[in-house]
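# Understanding the architecture of this molecule
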Amino acid sequence: MLNQYYIHIILSYMIFINIVAILIFKRDKSLAKNGKRRVSEKTLFLSAIIGGGLGAVIGMHLFKHKTKKAAFLLGLPIIAIINIILVMYVLKELV
């Protein structure tokens, strides 16, 4: 019973943080278009590292943002894969 609660919390967090990552990329692209102060690259990567890797990759491609920077093209997919592996491992341990 408690394990199902933890699974629900983990999956809810992952959905939330990935939506946040997508929205951060959208916001940064909008700021870039309007010539305003931007979201830092550190923040973009941090959103991926704390679980939003897949959302960051989706946001990068959906908004065609940071797609020419090697650090993002290589780094974000690697972070997303690590996120997925970690979540799968934790969920496997809870089931």
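So, here is what we can say about the structure in this document.

Rules used in this analysis
Residues numbered from 1 in each chain as written. Predicted model: local features only at pLDDT ≥ 70, side-chain atom pairs only at ≥ 80, totals over all residues. Heavy atoms only, no water. Helix = DSSP H or I, 4+ residues; strand = E, 2+ residues; numbered from the N terminus. Buried < 20%, exposed > 50% of the residue type's maximum accessible area, 1.4 Å probe, protein only. Contact = heavy atoms within 4.5 Å. Areas by Shrake-Rupley, 256 points an atom, 1.4 Å probe, with all protein chains shown as cover. Core = buried A, V, L, I, M, F, W, Y, C linked by side-chain atoms within 4.5 Å. Salt bridge = Lys/Arg side-chain N within 4 Å of Asp/Glu carboxyl O. Phe/Tyr/Trp six-rings, centres within 6.5 Å; stacked < 30°, edge-to-face > 60°.

Broken down by element type, the protein carries three helices and zero strands. Reading the protein from its N end, one meets helices and strands in the order α-α-α. Overall, the C-alpha framework of the protein stretches about 50 × 20 × 20 Å when taken along its three principal axes. For the protein, the proportion of its 95 residues judged to be buried stands at 33%. At a minimum sequence separation of 6, the contacts of the protein that also span at least 24 residues come to 70%. About 6,500 Å² of surface is accessible on the protein, with carbon and sulfur atoms providing 71% of the total.

A few words on the nonpolar core. Grouped together as the largest cluster of nonpolar side chains are 13 residues, with contacts concentrated most on Phe25, Ala56, Phe72 and Leu76. Within the residue set of this core, elements represented by two or more residues are helix H1 (2-33), helix H2 (41-62) and helix H3 (70-94).

Locating His65 in the fold gives a position in the loop between H2 and H3. Discounting chain neighbours no more than four positions away, the residues touching His65 are Phe25, Asp28, Lys29, Ala32, Arg38 and Met60.

The next thing to look at is the pattern of salt bridges. Tallied over the full model, the rule gives three salt bridges. Two residues, Asp28 and Arg38, come together in a salt bridge whose shortest N-O distance is 3.0 Å. Placement of Asp28 in helix H1 and of Arg38 in the loop between H1 and H2 is noted, with a sequence separation of 10 residues between them. In this structure, Lys69 engages Glu41 in a salt bridge whose closest nitrogen and oxygen atoms are separated by 2.5 Å. One end of the pair, Lys69, is in the loop between H2 and H3; the other, Glu41, is in helix H2, and 28 residues separate them in sequence.

Within the structure shown, the criterion is met by three aromatic pairs. An angle of 55° between the planes, with centres 6.0 Å apart, marks the rings of Tyr5 and Tyr6 as tilted. By relative accessible area, which is 49% here, Tyr5 ends up partly exposed. Among the residues examined, Tyr6 registers a relative accessible area of 38% and is labelled partly exposed. Seen from their ring centres, Phe25 and Phe72 are 6.4 Å apart, and the 85° between their planes marks the pair as edge-to-face. You can see Phe25 sitting in helix H1 and its partner Phe72 sitting in helix H3, a full 47 residues away along the chain. Among the residues examined, Phe25 registers a relative accessible area of 0% and is labelled buried.

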